[in-house]
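Residue-level listing of the chains:
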Amino acid sequence: KQPPSDPILERLRTMSLADKIGQMVMVGIEGRYVNEDMTAWFKEGRIGGVILYGDNIVNMEQTIELVNGLKQASGAAGIEPPLFIATDQEGGLVSRLPDESGEFPPARTIGETGDPQYALSIGRAIGQAMAALGMNMDFAPVLDVDTNPDNPVIGNRAFGTTPEDVIRMGIPVMKGIRSEGVIPVVKHFPGHGDTEEDSHLGLPVVTHDQERLDRVELAPFAAAIEQGADVVMVAHLLMRAQDPDVPSSMS
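Along each chain, residues carry numbers from 1 onward, in the same order as the chain's sequence is written. In keeping with the predicted nature of the model, local features appear solely for residues at pLDDT of at least 70, side-chain atom pairs appear and are counted solely at 80 or more, and the whole-chain, interface and lining totals rest on all residues. Each side-chain value is derived from all of the structure's non-hydrogen atoms; neither hydrogens nor water enter the calculation.

Asker: Break down unusual backbone geometry for me, citing the residues and quoting the values.
Answerer: A cis amide bond, omega 5 degrees, links Ala-140 with the succeeding residue Pro-141. Its place among the elements puts Pro-141 in the loop between strand E6 (137–138) and helix H7 (163–179). Here the amide bond leading from Lys-187 into His-188 is cis, since omega sits at 0 degrees, within 30 degrees of zero. The backbone of Arg-46 shows a phi angle near 55 degrees, a positive value even though the residue is not glycine. Comment: elements are numbered from the N terminus, with helices defined as DSSP H or I runs of at least four residues and strands as E runs of at least two.

Asker: Give me the environment of Glu-103: which residues, what numbers.
Answerer: Here Glu-103 lies in the loop between strand E5 (94–95) and helix H5 (107–113). The rule is simple: take the accessible area with a 1.4 Å probe, protein chains only, and divide by the maximum for that residue type; under 20% is buried, over 50% is exposed, in between is partly exposed. Looking at Glu-103, the relative accessible area reads 81%, which means it is exposed. Spatially, the C-alpha atom of Glu-103 lies 39 Å from that of Asp-209, the residues being 106 residues apart in sequence.

Asker: Please provide a residue-by-residue account of empty space enclosed by the protein, values included.
Answerer: The distinction between a cavity and a pocket rests on a 1 Å grid over the protein atoms alone: a 1.4 Å probe fits inside a cavity but cannot get out, while a pocket stays open yet meets protein on both sides within 12 Å along at least five of seven lines, and a residue with an atom within 4 Å of a point counts as lining. Grid points are joined across faces, edges and corners, and a volume is the space filled by probe spheres set on the points. Using the criterion set out here, one finds three cavities of 30 Å³ or more in the structure. Considered as a void within the structure, the largest cavity measures approximately 80 Å³ in volume. Contributions of two or more residues to the lining of the largest cavity are made by H5 and H7. Lys, Arg, Asp and Glu make up the charged group, whereas Ala, Val, Leu, Ile, Met, Phe, Trp, Tyr, Cys and Pro make up the nonpolar group; the residues left over, Gly among them, are polar. Partitioned by chemical class, the residues of the lining of the largest cavity number nine nonpolar, no polar and two charged.

Asker: Kindly report on the nonpolar core, identifying the contributing residues and their values.
Answerer: Definition of nonpolar core: a set of buried residues of the types Ala, Val, Leu, Ile, Met, Phe, Trp, Tyr and Cys, connected through side-chain atoms within 4.5 Å. Counting residues in each nonpolar core, the largest one holds 42 residues, and the members touching the most others are Phe-42, Val-50, Leu-52, Leu-70 and Met-135. Among the elements of the structure, helix H3 (36–45), strand E2 (49–52), helix H4 (60–76), H5, helix H6 (116–132), H7 and helix H9 (219–226) are those that each provide at least two residues to this core. Sort the elements by how many residues they give to this core and H7 lands first, with six residues. Grouped together as the second largest cluster of nonpolar side chains are six residues, Leu-213, Leu-218, Ala-235 and Met-239 included.

Asker: Break down the environment of Asp-230 for me, citing the residues and quoting the values.
Answerer: Assignment of secondary structure puts Asp-230 in the loop between H9 and strand E9 (231–234). Taking the C-alpha atoms as reference, Asp-230 lies 6.9 Å from Val-185; in sequence the two are 45 residues apart. Beyond its immediate chain neighbours, meaning those up to four positions away, Asp-230 contacts Arg-178, Ile-183 and Pro-184. Nitrogen and oxygen atoms within 3.5 Å of one another constitute a polar contact, given that in protein one can donate a hydrogen and the other can accept it, and given that sequence-neighbouring residues count only through two side-chain atoms. Of the polar contacts made by the side chain of Asp-230, one reaches the side chain of Arg-178; its length is 3.4 Å. In this analysis, two residues are considered to be in contact whenever any of their non-hydrogen atoms come within 4.5 Å of each other.

Asker: How would you summarise the sheet that holds strand E7 (residues 183–189) if you had to cite specific residues and measurements?
Answerer: Two strands qualify as a pair provided DSSP detects at least 2 bridges between them. If you walk across this open sheet you meet the six strands as E1-E2-E3-E6-E7-E9, and the pairing is parallel. Every interior strand has two partners, whereas the edge strands, strand E1 (26–28) and E9, have only one. The pairing of E7 with E9 spans three bridges and is parallel. When the bridges of E9 are listed, Val-185 appears paired with Val-231.

Put into C-alpha cells, the structure is as follows:
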C-alpha cells in the first residue's frame, strides 16, 4: 500500500531554486499602498513575507487595504504559499497596529500581575486584532530577561527580571497569539536582556559563561521551544561563550 502523498513535498518538487530562495526572504516596503512596481517586484523576487512598520500603517481602513493589496500582488505573481504579513505588536511602546485596534499593555505590566491567564487573554486579544487586519505573523513576545537596568532597548518590554517570571508570563502570551491563527515569533534569541548597547546602533556583547546563559538568558527560549514555539528571532549580539568571534545573527 502506497503511503499518502505529502502536499508540502509535492509543492516543493514544483518550485524552482529562485522560488525557494524567495520564500525565505521577508522584506520591508515603502509606502502605504500597493502599486504596480511592488506587484512586479513580487513577481520577480518570489517574496515570502512582508514586515510592516509604523510608517506603513495609518488607520484601520488603510491597513486592511494595504494587507489585501499585498496578498493580491503575491497571488498575481503566482506564489501559492500564503504570504507572511507581519509586524511588531508587543504592546506598550512597541505597538504597530492602528489606534482603532485598541491599546495593549507592555510586557512588564502583564508580568507584574503574576496571572498567566491574564497573559493568555492579552495574547489572544493581540492575535484577534492582527487577524482582523489580515496579518498572520507577530514579532512577539519578548522573552529576554531584564537583568540590566542600563539596557537601552529591553526595559519594560520584558515580562520580568528572572527567567522564571519571563517563562510563567511570556509563554501564555505566545500561546494566546497562536490560538487566533497568528504565528508568534519569540525574541531576541539568544538573549538581549543583559546588554548596554542598542543592537540597531552597535554590537552588544554578552560575556557570561555557559552555566549562567543556560540558567538565565537561554532558559525562556528553551521553555518556549519545548512548548511548541513556531519561530525564533535571532538577535544581533556577540555572546562570547557561544561564539567569541561572530555575532549570533551570523554565527
